Amino acid sequence: MSCCAPGTEMALEIDRAGQGLPTSEELWLTSRSLGGGLRQTDLSVPGVHCGACITTLEGALKARPEVDRARVNLSSRRVSIVWKEELDGTRTDPRELARAIRARGYETHLFAPGEEDGDQTLKKLVRAVAVAGFASANIMLLSVSVWSGAEAATRDLFHWISALIAAPTLIYAGRFFYASAWNALKHGRTNMDVPIALAITLSFSISLYETITHGTHAWFDGTVMLLFFLLIGRTLDHMMRGRARSAISSLARLSPRGAMVLDAEGGREYRPVDEIRPGEKLAISAGERVPVDGLILVGASDLDRSIVNGESAPAPVRVGDTVEAGTLNLTGPLTIEATAAARDSLLAEIMGLMEAAEGGRARYRRIADRAAQYYSPAVHLLALVSFIGWMFVNGDFHHAMLVAVAVLIITCPCALGLAVPVVQVIAAGRLFQNGVMVKDGSAMERLAEIDTVLLDKTGTLTVGEPRLVNGQEIQPSTLATAAGLAVHSRHPLAMAIHDAAKIAPVIAGEIREIPGAGIEASTDSGIYRLGSRAFACGDAGEASGQSEVILSLDGRELGHFRFEDRLRPFARESIDELGHLGLSTGILSGDREPVVAALARRVGIERFKAELTPRGKVDECALAAEGGHRVLMVGDGINDAPALRAAHVSMAPATAADVGRQAADFVFLHQGLNAVPMAIDTSRRAGRLIRQNFALAIGYNVIAVPIAILGYATPLIAAVAMSTSSVIVVANALRLRAATGNVAEKARDGQAPASLRPLGSA
Amino acid sequence: MNTLIYLIPIALFLGGIGLVAFLWALKSGQYEDLEGAAWRVLDDGDGKPEKK
């Protein structure tokens, strides 16, 4: 693991530590203000796994003066940092915190804000479970005495004490069911909570009546135990429910608020984005995002166009090229002419697509909800029929009522309420241990149903960082010189060079970066140039674009560096495995056709589509859906986000853009692509166990209901039957732990730390 | 029968103490990170759980 081998802390390593970190603005926006000048940031650190990791990370963070508190949560692989907004009058840069974590050799990612919102409800539920557990244990104790033969006054006393315990418990712990049932009834629907609320109310009232009239049977134990089991199920279910997603709002953050508009007289005016009309000239400095689609009038630069095509390598642009809104201008200032208003821009289109795709996901009904739809009317009908039936048979209202209550209690969906959430929580736990986070319980249900996997190329099948391919062919001294130049640039290819070189000698002389071309250094021995062929050697000839870099001295070629994006670990094996699972695979990429075709051959995928726009990807997903296929979309970029939302279920690596991570149902934290087949396999097993659990719960009802209808269900029998069925369902769910052992082992092998892999190899 | 007058309240009271103790532990954040807690035992530093 990366953590216990505290990497070589060379200057280079630390320099590189800034790469891929969330930006300062993002960290500010997602931190919570605690008042008193303190803010709290939660970061996910998937690499922590032992006590040493905790000490290392907390030590590293607490050593920083701006950090007030830092605490690692090992269960959720997260670190929460409380830091001072200002220190000695200067504003704290929260990026330094993330950098400190990265410098210790841990990957770190930003967490979606608002992911903790469910916490309060969860705490309320856990408290309710505790109260219900306390009540049911005590009442059961008293009930055992009654069953074992307490008579007359003693029995009445025990019943009264039970009633006294049960009444406040029903109000406190049962309020979730009452509120939900009332809400459903108010809107003319029924849900699982209606029979529950009815059963506990009726059984409590009839037990109270029995107690007052010195009857033999009281159902307090059954009532409270039912509540207890159901609350456990409800709590687990709540843990699995989807978390608030804000993919669209974080996309909106990417669009700039305004831009510098140049008027005809050369004046400059900063105007909000909405007021920019097509035809106006805009000045965009390096580091700014392009506000609207436009055409370059003056300047050359590199654009980060990952939002458009998912390609992480910056694309050089010059006069006459078009630029899309939302792309990031990296190296040089540009003057563009706006060709479309902001609301017609690509970013606006992506946001629109995501809003449109939202509906498809919401229509999915969870298995538990679907079961509830049929279950509750059936149970009510059954109780009513047995009441009417007994009224006909012997006309004894009291007896008929007792039977009806027994039917309600025994059929109450104890096991059913546990069947789905227990399996899902265990499955999610397994997935989390293997580095896959699940956002929503229904996501696993959906993942189990898929038959097609569509993958994005850059950043998903590949790692999204170019690597030097021909490192062996190049003289070490040439490589070192190149690294000396490359260290001055944040261009991904430059980073790849100094990663491969390991050492970077200091080059004396004037060094400058020419936007869209390369780096130039005037030294005593001549002018070194590192960049495109046209720039380095002066012959505009066969410049093959972005995947090669030339080092030259006074126009003479010294070295020729070729780059290739590395495949994600286990990419090939994972694709094979998907085939074994009976799934068809395909690639959807925004990249150029030959590149995609070559990669498709390498990983053994036959179907691929290249040069797709974000809308194109959504259309592909929709097309597959129309053909009756259920699609898993795996992607990472902003350009994938609408497709991630539109697909039946989606997955993204943790390195994905914030928007992509939030749009996806699953996020895998480790590098290996084998997380995908692992998640599918686990979800399918979970799906099978859920169906088995349903079968068990139905089987239980088939046996128990006739006993209740015939009037033989005493409180003792009901208690035994109810707890047995629940225990069986839970035990069955636990089988998932044993069953996924093999897959888990394999996935763990895939966690080879990034820092230990040989550098510079493709 | 007479002993029950004492014993039942005592039983309930003891159970109640357990319940209150659990709720307190829950509130003070001791269940936030069970895996981490297992490791922190071995830590020599004075790490106290922090309230959310």
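Residues numbered from 1 in each chain as written. Chains lettered and ligands numbered in written order. Predicted model: local features only at pLDDT ≥ 70, side-chain atom pairs only at ≥ 80, totals over all residues. Heavy atoms only, no water.

### Looking at the overall build of chain A
And then number 1: Looking only at helices and strands, chain A has 28 helices and 29 strands in total.
And then number 2: Per-residue burial for chain A yields a buried fraction of 55% across its 762 residues.
And then number 3: At a minimum sequence separation of 6, the contacts of chain A that also span at least 24 residues come to 70%.
And then number 4: For chain A, the exposed surface amounts to about 31,500 Å²; the carbon and sulfur share of it is 58%. (Helix = DSSP H or I, 4+ residues; strand = E, 2+ residues; numbered from the N terminus. Buried < 20%, exposed > 50% of the residue type's maximum accessible area, 1.4 Å probe, protein only. Contact = heavy atoms within 4.5 Å. Areas by Shrake-Rupley, 256 points an atom, 1.4 Å probe, with all protein chains shown as cover.)

### Describing the nonpolar core
And then number 1: Ranked by size, the top nonpolar core spans 119 residues in total, and within it Leu231, Leu632 and Phe666 of chain A carry the most contacts.
And then number 2: Sequence-distant contacts of leucine 231 of chain A, that is, excluding residues within four places in its chain, are made with Leu125, Ala128, Val129, Ala132, Ala173, Phe176 and Phe177 of chain A. (Core = buried A, V, L, I, M, F, W, Y, C linked by side-chain atoms within 4.5 Å.)

### Some details on unusual backbone geometry
All names here are of chain A.
And then number 1: Positive phi, close to 55°, is recorded for histidine 214, a residue that is not glycine.
And then number 2: What makes histidine 214 exposed here is its relative accessible area of 53%.
And then number 3: Even without being a glycine, glutamate 611 presents a positive backbone phi close to 50°.
And then number 4: Relative to the elements of secondary structure, glutamate 611 occurs in the loop between strand 26 (607-609) and helix 23 (614-626).

### Let's talk about helix 19 (residues 492-501) of chain A
Residue and element names in this part refer to chain A.
And then number 1: Among the 10 residues of helix 19, 10 are classified as buried, and the element is accordingly described as predominantly covered.
And then number 2: Those residues of helix 19 not exposed but buried are Pro492, Leu493, Ala494, Met495, Ala496, Ile497, His498, Asp499, Ala500 and Ala501.
And then number 3: Phi turns positive one or two residues past the end of helix 19, at lysine 502, with a value near 70°.

### Focus on the environment of glycine 417 of chain A
Residues and elements named next belong to chain A.
And then number 1: Examined against the element boundaries, glycine 417 turns out to sit in helix 15 (residues 414-433).
And then number 2: In this structure glycine 417 comes out as partly exposed when scored by relative accessible area, which is 23%.
And then number 3: Sequence separation between glycine 417 and aspartate 237 is 180 residues; the distance between their C-alpha atoms is 8.9 Å.

### Some points on the interface of chain A and chain B
And then number 1: On the chain B side, the residues contacting the 27 residues of chain A number 23 residues.
And then number 2: Overall, the association of chain A and chain B removes approximately 2,300 Å² of surface from exposure, summing both partners, and the carbon and sulfur fraction of that is 63%.
And then number 3: Of all residues in chain A, Arg71, Lys123 and Phe134 of chain A bury the most surface against chain B, accounting for 24% of the area lost on that side.
And then number 4: At the surface where chain A touches chain B, the tally comes to 1 salt bridge.
And then number 5: A salt bridge links glutamate 58 of chain A to arginine 40 of chain B; its shortest N-O distance comes to 2.9 Å.
And then number 6: Taken together, the connections running from chain A to chain B amount to 3 residue pairs in polar contact (both at pLDDT 80 or more).
And then number 7: Counting residues per element, the ones that place at least two in the side of chain A that touches chain B are helix 3 (51-62), strand 3 (67-73), helix 5 (119-147) and helix 6 (152-173) of chain A.
And then number 8: Ranked by residue count, the leading element in the side of chain A that touches chain B is helix 5 of chain A, at 8 residues.
And then number 9: Residues of the side of chain A that touches chain B, tallied by class, amount to 13 nonpolar, 7 polar and 7 charged. (Buried area = accessible area lost by both parts, 1.4 Å probe. Salt bridge = Lys/Arg side-chain N within 4 Å of Asp/Glu carboxyl O. Polar contact = N/O pair within 3.5 Å; in protein donor to acceptor, adjacent residues only side chain to side chain. Nonpolar A, V, L, I, M, F, W, Y, C, P; charged D, E, K, R; others polar.)

### Brief notes about the confidence of the model for chain B
And then number 1: On average, residues of chain B score 79 in pLDDT, and 81% of them reach the 70 mark or higher.
And then number 2: With a pTM of 0.76, the predicted complex shows an ipTM of 0.83. (pLDDT = per-residue confidence, 0-100.)

### Thoughts on the packing of helix 15 of chain A against helix 26 (residues 675-709) of chain A
All names here are of chain A.
And then number 1: Orientation of helix 15 relative to helix 26, taken along the N-to-C sense of each, is 165°, at an axis distance of 9 Å. The angle between helix 15 and helix 26 places the two elements in the roughly antiparallel class. Helix 15 and helix 26 meet at a crossing whose hand is right-handed. Contacts between helix 15 and helix 26 involve Ala415, Leu416, Ala419, Val420, Val423, Gln424, Ala427 and Leu431 from the first element and Met678, Ala679, Thr682, Ala686, Leu689, Ile690, Asn693, Phe694 and Ala697 from the second.
And then number 2: The residue makeup of the contact of helix 15 with helix 26, split by class, is 14 nonpolar, 3 polar and no charged. (Axes fitted to C-alpha atoms, helices over the stretch in contact; angles between N-to-C directions. Parallel < 35°, antiparallel > 145°, perpendicular 65-115°, else oblique. Left-handed = near helix turned anticlockwise from the far one by under 90°.)

### Quick word on the sheet that holds strand 24 (residues 556-567) of chain A
All names here are of chain A.
And then number 1: Taken together, 6 strands build an open sheet; the order of strands is 19-24-23-22-21-20 and the sheet is antiparallel. Edge positions in the open sheet fall to strand 19 (462-468) and strand 20 (510-514), since each of these has one partner strand only. Within the sheet, the average angular offset between the axes of one strand and its neighbour, ignoring direction, is 15°.
And then number 2: Pairing between strand 23 (residues 548-553) and strand 24: 6 bridges, direction antiparallel. Counterpart to isoleucine 550 in the pairing with strand 24 is histidine 560.
And then number 3: In the packing of helix 19 onto the sheet, contacts are made with strand 19, strand 22 (526-531), strand 23 and strand 24, and the angle to strand 19 comes to roughly 65°. (Pairing = 2+ DSSP bridges.)

### A short note on the packing of aromatic side chains
And then number 1: Inspection of every chain in the model, using the stated rule, returns 4 aromatic pairs over all chains.
And then number 2: Summarising the aromatic geometry, the rings of phenylalanine 204 of chain A and phenylalanine 220 of chain A are spaced 5.5 Å apart at their centres and angled 65° between planes, so their arrangement reads as edge-to-face. Residue phenylalanine 204 of chain A is located in helix 8 (residues 193-212), and its partner phenylalanine 220 of chain A is located in helix 9 (residues 220-240); the two are separated by 16 residues in the primary sequence.
And then number 3: Residue class for phenylalanine 204 of chain A comes out buried when judged on its relative accessible area of 14%.
And then number 4: Exposure remark for phenylalanine 220 of chain A: the relative accessible area of 2% places this residue in the buried category.
And then number 5: Consider the rings of phenylalanine 22 of chain B and tyrosine 31 of chain B, whose centres lie 5.4 Å apart with planes at 55°: the pair is tilted. (Phe/Tyr/Trp six-rings, centres within 6.5 Å; stacked < 30°, edge-to-face > 60°.)

### Examining the confidence of the model for chain A
Residues and elements named next belong to chain A.
And then number 1: Of the residues in chain A, 87% reach a pLDDT of 70 or more, and the chain-wide mean stands at 79.
And then number 2: Here helix 1 (residues 11-16) stands out as the element of chain A with the lowest mean pLDDT, 38, in contrast to strand 27 (residues 631-634), whose mean of 91 is the highest.
And then number 3: Predicted confidence is poor over residues 1-19, with pLDDT under 50, and the contacts of this stretch with residues over four places away or in other chains come to 34 contacts.
And then number 4: Here residues 742-762 is a poorly scored stretch, pLDDT under 50, and it has 37 contacts once near neighbours within four places are set aside; other chains count.

### Some thoughts on the packing of helix 14 (residues 397-411) of chain A against helix 26 of chain A
If you want to describe how two helices pack, look at the angle between their axes and the distance between the axes.
Residue and element names in this part refer to chain A.
And then number 1: Their axes nearest at 9 Å, the elements helix 14 and helix 26 cross at an angle of 165°. The orientation of helix 14 relative to helix 26 falls into the category roughly antiparallel. At the point where helix 14 passes helix 26, the crossing takes the right-handed sense. Each of Val403, Ala406, Val407, Ile410 and Thr411 in helix 14 lies in contact with helix 26, whose residues at this interface are Tyr700, Asn701, Ala704, Val705, Ala708 and Ile709.

### Details of the sheet that holds strand 11 (residues 294-298) of chain A
All names here are of chain A.
And then number 1: Taken together, 6 strands build an open sheet; the order of strands is 9-8-10-16-11-14 and the sheet is antiparallel. With one partner strand each, in any of the chains shown, strand 9 (268-272) and strand 14 (322-323) form the two edges of the open sheet.
And then number 2: Examined bridge by bridge, strand 8 (residues 258-262) and strand 9 share 5 bridges and lie antiparallel to one another. Across the sheet, residue alanine 259 finds its bridge partner in strand 9, namely arginine 271.

### Considerations on the pattern of salt bridges
Residues and elements named next belong to chain A.
And then number 1: Scanning the entire structure with this criterion turns up 15 salt bridges over all chains.
And then number 2: Close ionic contact of glutamate 85 with arginine 39 constitutes a salt bridge, the shortest N to O distance being 3.2 Å. Here the residue glutamate 85 occupies a position in the loop between strand 4 (78-84) and strand 5 (86-87), and arginine 39 occupies one in strand 2 (residues 38-44), the gap between them amounting to 46 residues.
And then number 3: Two residues, lysine 617 and aspartate 456, come together in a salt bridge whose shortest N-O distance is 3.0 Å. Separated by 161 residues along the polypeptide, lysine 617 in helix 23 and aspartate 456 in the loop between strand 18 (452-455) and helix 17 (457-461) bring together distant segments of the chain. Just as lysine 617 is buried, aspartate 456 falls in that class too.
And then number 4: One continuous salt-bridge network, built from bridges that share partners, spans Arg64, Glu66, Glu96 and Arg99.

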